[in-house]
Amino acid sequence: MGELRLMKGNEALAEAAIRAGVDGYFGYPITPQSEVIEYLTAEKPYERTGMVVLQAESEVASINMLYGAGATGKKAMTSSSSPGISLMQEGISYIAGAEIPVVLVNVVRGGPGLGDIQPSQSDYFQTTKGGGHGDYRLIALAPSSVQEMSDFVPLAFELAFKYRNPAIIVSDGAIGQMMEKVELFEQMPRMTDEEIRAKYKWATNGKLEDGTRRIITSLDLDPYKLEEHNLKLQKKYKEIEENEVRYEKIMCDDAEYIIVAYGLSARISQKAIQLLREKGIKAGLLRPITLWPFPTKQIKELVDSGIKGFLSVEMSAGQMVEDVKLAVNGKVKVEHFGRLGGVVHSPEEVVEALEQKIIGG
Amino acid sequence: MTEEIIIAGFGGQGVLSMGKILAYSGIMQNQEVSWMPAYGPEMRGGTANVTAIISDERISSPILQVFDTAIILNQQSMDKFESAVKPGGILLYDPNGISHHPSRKDINIYKVEGAKLAAEMGNTKIFNMVVLGAYLKIRPIVKLENVMKGLKKSLPERYHKLLPLNEDAINMGMKNVITVQEV
């Protein structure tokens, strides 16, 4: 068993970055995720593993530092919260276009605009449907506990490098700020420059042995070549959709109604399900762990198994519910419930929403 | 066993650290724990509160509307959280600074003179440990030895010389809890 600690989600994520053998972290502080850079600065990972920690002058600088570091085949990471992630969108699109495997973290807060600093889930569209320009996708992992804030860091890097695609960990202010028991994984070694050169032929760290130059770019002025590049990206996205869907089912086996929720809302909904079952209502929870690729197939299977209705619970005005509706395809009722602007719904409110919108409605 | 607790008072009273010590104690005896502070504008100068959950099972929602126990340390928190105690649950408070005492008839109410006792012991900072002791007397969900282990884990080493004082404070709270009503 690994070392047990009581940590904030943000701290667990920062410690996991060091232990995952990350080469560089570039970030700019913003509540509610400032503990990430605070922890990294205090922990001095450059003394522990040689990892670079750099406070950039802005989020725009951070994301472009990430582009540069990632292009050399190094493990590079940044974290921010909603307004900061908005600032990074241009860079994210470039990184996706250039197929750089980096890891981003969004500890989501209430929006739009500067919004507030309370937990929210209203960046689902931004994460899964673009945010930046062009046809691209981010592999999006949504932790719902402090343990997952730690575990998803090496997982995000594994997926990012497997597919040469940026991955994003989508958390929220509550998961970032709360403390839970976390079992830390063992220190993983950082890769040497030789290992990187041998493993990643695309990485821009010098010519190949035969003299071939390695080029990373997201620019191609020839539309036919750019179309070819896009088709290659689409093929990769299809492969990710087929192989990397992750989810958790809780009490779905005998369920008549399903709540679909991720992150903090999944935790709240799990309590709601306990309360519903105490009232004799058979409810279950489907928790998407990957927001993209989305567990569409799993929802279809639940529809086919005779589920009477779905409630999508998220701290937004109804974003993920669109993907639930696409999966259900009009066969049974799908509704959304969620508080807005950083207000967190209670388990009792979720119970009431399921009773009124799905069972009674 | 699952115990869902809200601890609420002024910022600086040690509300958050009391929850943290409780959570660490739970870890020391292999339980699941969560500690969710009210953060943000609320914590700047005003009230502070934390939801601490200790359970034998995986914890579902870390944010709650109703609680098994409320530990209340100022009037604003009393106004906000008296109604949030589950029927049959526990409300523990320090009467210092409380003008409207709890009036519910369907919950167990206890009080402890935490501020006064800590002052008598010569260190007002251990106030939260006195209150924690009172709570553990009412609800012995974690063993004292595990509290001490938890305290040792959560305090930086330079403060370890204060561990005996903290233990005395916990014992002081345990001895001085007053039953107001039991249902």
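Every value quoted in this text rests on a predicted model; they were computed, and no experiment measured them. Note on numbering: residues in each chain are counted from 1, in written sequence order. Chains carry letters and ligands carry numbers; both start at the beginning, A for chains and 1 for ligands, and go up in the order they are written. Side-chain atom pairs in this predicted model are given and counted only at pLDDT of 80 or more, local residue features only at pLDDT of at least 70, and totals for whole chains, interfaces and linings cover all residues.

Details of the interface of chain A and chain B
Thought 1: Any two residues are considered in contact once their C-beta atoms, placed from the backbone, lie within 7 Å. Across the boundary between the two partners, chain A contributes 20 residues, which contact 17 residues of chain B.
Thought 2: Secondary structure elements are taken from DSSP: a helix is a run of H or I of four residues or more, a strand is a run of E of two residues or more, and numbering for both begins at the N terminus. Looking at the side of chain A that touches chain B, the elements that each hand over two or more residues are strand 1 (3-8), helix 9 (173-177), strand 8 (179-184), helix 12 (263-278) and helix 15 (347-359) of chain A.
Thought 3: Partitioned by chemical class, the residues of the side of chain A that touches chain B number 10 nonpolar, 5 polar and 5 charged.
Thought 4: Paired strands are those between which DSSP finds at least two bridges. Direction of pairing for strand 8 of chain A relative to strand 2 (residues 32-37) of chain B: antiparallel, over a ladder of 2 bridges. In the sheet register, Glu-180 of chain A faces strand 2 of chain B, and the bridge partner there is Ser-34 of chain B. Nonpolar residues are Ala, Val, Leu, Ile, Met, Phe, Trp, Tyr, Cys and Pro. Charged residues are Asp, Glu, Lys and Arg, and all others, Gly as well, are polar.

Considering the domain arrangement of chain A
Residues and elements named next belong to chain A.
Thought 1: Segment limits for the domains were obtained from an automatic or database-derived domain assignment. Domain annotation of chain A identifies domain 1 (3-184) and domain 2 (248-359).
Thought 2: The straight-line distance from the C-alpha centre of domain 1 to that of domain 2 is 27 Å.
Thought 3: Counting from both sides, the interface comprises 26 residues of domain 1 and, opposite them, 20 residues of domain 2.
Thought 4: Only helix 7 (124-128), strand 6 (139-141), strand 7 (167-172) and helix 9 provide two or more residues apiece to the side of domain 1 that touches domain 2.
Thought 5: Considering every element that reaches the side of domain 1 that touches domain 2, the biggest residue donor is helix 7, with 4 residues.

Overview of the packing of helix 4 (residues 59-71) of chain A against helix 6 (residues 89-97) of chain A
Residue and element names in this part refer to chain A.
Thought 1: In contact at an axis separation of 9 Å, helix 4 and helix 6 are set at 15° when each is read in the N-to-C sense. Looking at the two axes, helix 4 sits roughly parallel to helix 6. In the packing of helix 4 onto helix 6, the handedness of the crossing is right-handed. Listed contacts from helix 6 to Ile-63, Asn-64, Leu-66, Tyr-67 and Gly-70 of helix 4 are Gly-91, Ile-92, Tyr-94 and Ile-95. Interaxial angles span 0 to 180 degrees and are taken between N-to-C directions of axes, which are lines fitted to C-alpha atoms, for helices over the stretch in contact. Our angle categories are set so that under 35 degrees counts as roughly parallel, over 145 as roughly antiparallel, 65 to 115 as roughly perpendicular, and the remainder as oblique. Note on convention: the crossing is left-handed when the near helix lies turned anticlockwise from the far helix by less than a right angle, right-handed when the turn is clockwise.

Some words on the environment of Ile-59 of chain B
Residue and element names in this part refer to chain B.
Thought 1: Among the secondary structure elements, Ile-59 is positioned in the loop between strand 3 (47-55) and strand 4 (67-72).
Thought 2: Residue burial here comes from a neighbour count, namely the number of other C-beta atoms, placed from the backbone, that lie within 10 Å of the residue's own C-beta, with 20 or more meaning buried, 12 or fewer meaning exposed, and in between meaning partly exposed. With 20 C-beta atoms counted inside 10 Å, the residue Ile-59 sits in the buried group.
Thought 3: C-alpha separation for the pair Ile-59 and Lys-111, spaced 52 residues apart in sequence, amounts to 29 Å.
Thought 4: Those residues in contact with Ile-59 that sit more than four places away from it in its chain are Glu-32, Ser-34 and Ile-53.

Notes on helix 8 (residues 146-163) of chain A
All names here are of chain A.
Thought 1: Taking 1.5 Å of rise per residue, the 18 residues of helix 8 would be expected to cover 26 Å, and the 26 Å separating its terminal C-alpha atoms lies within 8% of that figure.
Thought 2: Phe-152 marks the point of greatest bend in helix 8, at about 35°, and the proline Pro-154 comes within the next four residues.
Thought 3: For helix 8, the full list of buried residues reads Val-146, Glu-148, Met-149, Ser-150, Asp-151, Phe-152, Val-153, Leu-155, Ala-156, Phe-157, Leu-159 and Ala-160.
Thought 4: Looking one or two residues beyond helix 8, the residue adopting positive phi is Arg-164, at roughly 50°. The span you would expect from a helix comes to 1.5 Å times its residue count less one. What is called the bend at a residue is the angle between a pair of axes, fitted to the seven residues leading up to and ending at it and to the seven starting from it.

Notes on helix 11 (residues 223-243) of chain A
Thought 1: Between its first and last C-alpha atoms helix 11 of chain A spans 30 Å; for 21 residues at 1.5 Å apiece the expected length is 30 Å, and the two agree.
Thought 2: Across the 21 residues of helix 11 of chain A, 0 count as buried, placing the element largely on the outside.

What to know about the sheet that holds strand 13 (residues 309-313) of chain A
All names here are of chain A.
Thought 1: Across the sheet, which stays open at both edges, the 5 strands sit in the order 9-11-10-13-14 with mixed pairing between neighbours. Lying at the two open borders of the sheet, with one neighbouring strand each, are strand 9 (247-250) and strand 14 (333-337). Shown here is a sheet whose adjacent strand axes are inclined to one another by a mean of 20°, direction ignored.
Thought 2: Of the strand pairs in this sheet, strand 10 (residues 257-260) and strand 13 are connected by 4 bridges, and their pairing is parallel. Its bridge partner lying in strand 13, Ile-259 is registered against Leu-311.

As for unusual backbone geometry
Residues and elements named next belong to chain A.
Thought 1: A cis geometry characterises the amide bond from Thr-31 onward to Pro-32, with omega recorded as 5°.
Thought 2: Inspection of the secondary structure assignment puts Pro-32 in the loop between strand 2 (24-27) and helix 2 (34-43).
Thought 3: Residue Gly-111 is joined to Pro-112 through a cis peptide bond whose omega torsion reads 0°.
Thought 4: In this structure, Arg-164 takes a positive phi of about 50° despite not being glycine.
Thought 5: Secondary-structure assignment places Arg-164 in the loop between helix 8 and strand 7.
Thought 6: Backbone geometry places Asn-329, a non-glycine residue, at a positive phi of 55°.

Some words on the pairing of strand 11 (residues 283-288) of chain A
All names here are of chain A.
Thought 1: Counting buried positions over the 6 residues of strand 11 gives 6, a clear majority of the element.
Thought 2: Burial along strand 11 is two-sided: Ala-283, Leu-285 and Arg-287 facing one way and Gly-284, Leu-286 and Pro-288 facing the other are all buried.
Thought 3: Examined bridge by bridge, strand 9 and strand 11 share 4 bridges and lie antiparallel to one another. Within strand 11, the residue paired with Lys-249 across the bridge is Leu-286.
Thought 4: The pairing of strand 10 with strand 11 spans 4 bridges and is parallel.

Considering the confidence of the model for chain B
Thought 1: Per-residue confidence for chain B gives a mean pLDDT of 93; residues scoring 70 or more make up 97%.
Thought 2: Taken over the whole predicted complex, pTM reads 0.95, whereas the ipTM for its chain interfaces reads 0.92. Values of pLDDT, the confidence the predictor places in each residue, fall between 0 and 100.

Some details on the sheet that holds strand 1 of chain A
Thought 1: With mixed pairing, the 9 strands of this open sheet are ordered in space as 1(A)-8(A)-2(B)-3(B)-1(B)-4(B)-5(B)-6(B)-7(B). Since the sheet does not close on itself, it has two edges, and those belong to strand 1 of chain A together with strand 7 (178-181) of chain B, each with one partner. Looking at each pair of strands side by side, their axes are set apart by 25° on average, direction ignored.
Thought 2: Bridging between strand 1 of chain A and strand 8 of chain A involves 6 bridges; their strand directions are antiparallel. Directly across from Met-7 of chain A, in strand 8 of chain A, lies its bridge partner Glu-180 of chain A.
Thought 3: Strands strand 1 and strand 8 of chain A together with strand 1 (2-10), strand 2 and strand 3 of chain B of the sheet are contacted by helix 1 (residues 15-28) of chain B, whose axis makes an angle of about 10° with strand 3 of chain B.

Thoughts on the environment of Gln-31 of chain B
Residues and elements named next belong to chain B.
Thought 1: Looking at where Gln-31 falls in the secondary structure, it is placed in the loop between helix 1 and strand 2.
Thought 2: Overall, the presence of 22 C-beta atoms within 10 Å leaves Gln-31 in the buried class.
Thought 3: Along the backbone, Gln-31 and Met-1 are 30 residues apart, and their C-alpha atoms lie at a distance of 9.6 Å.
Thought 4: Not counting chain neighbours up to four residues away, the residues in contact with Gln-31 comprise Gly-26, Ile-54, Ser-55 and Asp-56.

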